[in-house]
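So you can see what is in the structure, the chains are spelled out below.
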Amino acid sequence: MTKPKVLQLGVIDHAHESWNALSELADLIVPAARSRAEFLEECRSGSLEGVVAVYRTFGSVDITGLFDAELVAALPNSLKFICHNGAGYDQVDVSACTERGIKVSNVPTAVDDATADVNMFLIIGALRGFNTSMIALREGKWRGHPPPPLGHDPEGKTLGILGMGGIGRNLKKKAEAFGMKVVYYNRNKLSDELAGGAQYLSFEELLSTSDVISLNLPLNKNTRHIISTHEFELMKKGVVIVNTARGAVIDEDALVKALDSGHVWSCGLDVYEDEPKVHPGLVANPHVMLVPHMGTWTVETQTAMEEWNIGNVRAALEKGKLNTVVPEQANM
Ligand SMILES: O=CC(=O)O
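The residue count restarts for each chain, going from 1 along the sequence in the order it is written. For this predicted model, a pLDDT threshold of at least 70 governs which residues receive local features, and a threshold of 80 or more governs which side-chain atom pairs are given and counted, while totals over whole chains, interfaces and linings are taken from all residues. As a rule here, side-chain values cover all heavy atoms of the structure and leave hydrogens and water aside.

1. Observations regarding the overall build of the protein
Rules: The helix and strand labels rest on DSSP assignments: H or I over at least four residues marks a helix, E over at least two residues marks a strand, and numbering proceeds from the N terminus. For this measure, only C-alpha atoms enter the radius of gyration; the expected value for a globule follows 2.2 Å times N^0.38, where N is the number of residues. Relative accessibility thresholds used throughout: buried, under 20% of the residue-type maximum; exposed, over 50%; partly exposed, between the two (1.4 Å probe, protein chains only).
Regarding its fold elements, the protein presents 14 helices and twelve strands. Against the globule reference of 20 Å for 332 residues, the protein gives a C-alpha radius of gyration of 22 Å, in line with a compact fold. Expressed along its principal axes, the backbone C-alpha trace of the protein runs to roughly 70 × 50 × 35 Å. Counting the 332 residues in the protein, one finds 49% classified as buried.

Shown next, in the form of structure tokens:
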């Protein structure tokens with residue numbers, strides 16, 4: 001009997017044993033293509049027929065481009081599962097997949113600690129204004145001339161979390177250890193148990209009462225530029241903005257203007273609208289904390305994510321279903 005095929009898009013760095021063990025169930029193949037045009041051609045040529053599941057990484061977009069409607073339409077007829085190694089799956093057009101009967105999974109939970117850690121690092125760094133003097137020190141100017149303004153303590157500040165999923169809830173616990181009061185806004189109010197005492201506010205109430213606002217929501221058509229000029233106007237003067245979700249949930253031009261006017265005191269960003277490009281207004285601003293998308297950049301978390309994603313491929317092969325199908329397809 002011919003084995004099904006699994007197509008690997010992107011690199012597996014850690015979970016080699018688990019990956020290789022899949023070869024008992026399927027032929028593990030990689031594409032010949034080195035560009036999107038070549039990948040589309042390879043799909044259309046029929047040479048990938050027999051592939052039932054794709055294992056893909058965030059970085060594989062450099063070869064295939066986005067899994068948008070054009071690419072999804074070209075995928076082999078045999079394909080039933082796309083397993084994305086990441087929490088955020090905005091690179092994949094889930095509606096186009098649903099229309100073709102392709103199920104999509106992501107990797108929640110395994111990312112929570114490491115991402116919330118970076119989130120906390122950015123909150124502290126932006127509140128304390130560490131970046132200016134870290135640059136000055138390396139230029140031989142100690143704290144800088146003049147020294148930077150005094151920073152602010154997290155203790156007693158209100159942290160507004162937009163998006164109270166796994167990362168948001170993990171951040172809540174960490175922020176509370178720093179003495180912050182946590183409020184949140186989410187599409188749906190959480191059960192008391194999940195909210196853990198965090199107060200649920202409307203979107204506008206959260207914007208107008210928080211000292212620090214953290215974006216922890218997925219990027220989709222409803223959340224693109226959810227924070228723009230109007231939303232900055234609703235915020236307190238001196239607010240700090242932190243984003244470890246996806247760059248495009250904030251209108252970066254509007255953020256730069258709000259920083260330049262002083263309405264936003266500082267920000268801490270791990271993600272950008274047009275990665276790896278960073279808005280020149282952010283690069284030029286020595287007060288802001290900028291990290292190049294390293295939320296999950298640890299050995300432990302990368303390993304756990306790979307294992308989780310391989311678990312989804314295995315479930316697809318063995319049971320014909322995914323362990324962590326994306327919420328949009330929960331009833332598919
Ligand atoms: O950005 C990281 C992820 O989506 O897991």
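2. Brief notes about the site of the ligand
Rule in force here: Nearness is judged by heavy atoms alone; a residue qualifies as near a molecule or strand once a single heavy atom is within 4 Å of it. What sets the accessible areas is the Shrake-Rupley method with a 1.4 Å probe; for residues, cover comes only from the shown protein chains. In the scheme used here, Gly and all other residues not listed as nonpolar or charged are polar, with Ala, Val, Leu, Ile, Met, Phe, Trp, Tyr, Cys and Pro taken as nonpolar and Asp, Glu, Lys and Arg as charged.
The environment of the ligand is made up of Gly86, Ala87, Gly88, Val111, Arg246, His293 and Met305. In isolation the ligand offers 190 Å² of accessible surface; the protein chains occlude 85% of this area. When the residues that make up the shell around the ligand are grouped by side-chain class, the tally is three nonpolar, three polar and one charged.

3. Section: the UniProt feature "domain: D-isomer specific 2-hydroxyacid dehydrogenase NAD-binding" (unreviewed entry) in the protein
Selection rule: UniProt positions are given in the numbering used here, feature names are shortened, and annotations may be inferred rather than shown by experiment.
Annotation from UniProt places "domain: D-isomer specific 2-hydroxyacid dehydrogenase NAD-binding" (unreviewed entry) at residues 121-295. For residues 121-295, the helix share is 34%, the strand share is 17%, and the end-to-end C-alpha distance is 10 Å.

4. Looking at helix H7 (residues 130-138)
Since the α-helix advances by 3.6 residues per turn, residues separated by three or four positions end up pointing in the same direction. Under the convention used in this document: Here, residues are in contact when the closest pair of their heavy atoms is within 4.5 Å.
Listed as buried for H7 are Asn131, Thr132, Ser133 and Ala136. Taken together, the buried residues of H7 touch strand E12 (289-290). Trailing H7 by a residue or two, Gly140 shows a phi angle of about 75 degrees, which is positive.

5. With respect to the UniProt feature "domain: D-isomer specific 2-hydroxyacid dehydrogenase catalytic" (unreviewed entry) in the protein
Feature annotation in UniProt places "domain: D-isomer specific 2-hydroxyacid dehydrogenase catalytic" (unreviewed entry) on residues 18-326, given in this structure's numbering. Overall, residues 18-326 shows 39% helix and 15% strand. The separation of its end C-alpha atoms is 23 Å.

6. Comments concerning the sheet that holds strand E3 (residues 51-57)
Strands belonging to one sheet form pairs held by backbone hydrogen bonds; the direction of such a pair is parallel or antiparallel. This is how it is decided: Any two strands with at least two DSSP bridges between them are considered paired. Only the stretch in contact is used when fitting a helix axis, every axis being a line fitted to C-alpha atoms; angles between N-to-C directions are given from 0 to 180 degrees.
Read across the sheet, five strands follow the order E2-E1-E3-E4-E5 without closing on themselves; strand pairing throughout is parallel. Two strands in the sheet have a free side with no partner beyond their single neighbour: strand E2 (27-29) and strand E5 (103-105). Across this sheet, the average inter-strand angle for adjacent strands is 20 degrees, counted without regard to direction. Pairing of strand E1 (residues 5-9) with E3 involves five bridges; the strand directions are parallel. Residue Val6 lies in a different strand from E3, and its bridge partner there is Ala53. Together, E1, E3, strand E4 (81-85) and E5 form the strand contacts of helix H14 (residues 299-319), whose direction differs from that of E4 by roughly 170 degrees.

7. Observations regarding the pattern of salt bridges
To keep things clear, this is the line we draw: A pair is scored as a salt bridge if a Lys or Arg side-chain nitrogen falls within 4 Å of a carboxyl oxygen belonging to Asp or Glu.
Considering all chains together, one arrives at ten salt bridges under this definition. The shortest N-O distance in the salt bridge between Glu176 and Lys172 comes to 3.0 Å. Remark: Lys172 and Glu176 occur in helix H8 (residues 166-177); sequence separation between them is four residues, near one turn of the helix. According to the relative accessible area criterion, Lys172 is buried, its value standing at 6%. Asp274 is paired through a salt bridge with Lys277; the nearest N and O atoms lie 3.6 Å apart. Here Asp274 falls in the partly exposed class, since its relative accessible area comes to 43%. Under the relative-accessibility criterion, Lys277 is labelled exposed at 58%.

8. Quick notes on the packing of aromatic side chains
Where two aromatic rings form a pair, the distance of their centres and the angle of their planes describe that pair. What counts is decided by this rule: Aromatic pairs are defined between Phe, Tyr and Trp rings, using the six-membered ring for Trp, whenever the two ring centres lie within 6.5 Å; interplanar angles under 30 degrees are classed as stacked, those over 60 as edge-to-face, and all others as tilted.
Applying the stated rule across the entire model yields four aromatic pairs. Ring centres 5.1 Å apart and planes at 55 degrees place the aromatic pair Tyr184 and Tyr200 in the tilted group. Taken together, the positions of Tyr184 in strand E7 (residues 181-185) and Tyr200 in strand E8 (residues 199-200) put the pair 16 residues apart, joining distant regions of the chain. The exposure class of Tyr184 is buried, given its relative accessible area of 1%. Its relative accessible area of 28% is what places Tyr200 among the partly exposed residues. Between the aromatic rings of Tyr185 and Phe203, the centroid separation amounts to 5.6 Å while the plane-to-plane angle is 55 degrees, which identifies the pairing as tilted. Of the two residues, Tyr185 is situated in strand E7 and Phe203 in helix H10 (residues 203-209); the sequence distance between them amounts to 18 residues. Taking relative accessible area as the criterion, Tyr185 reaches 24% and is therefore assigned partly exposed. A relative accessible area of 13% places Phe203 in the buried class. Three or more aromatic residues joined by ring pairs make a cluster, and in this case those are Tyr184, Tyr185, Tyr200 and Phe203.

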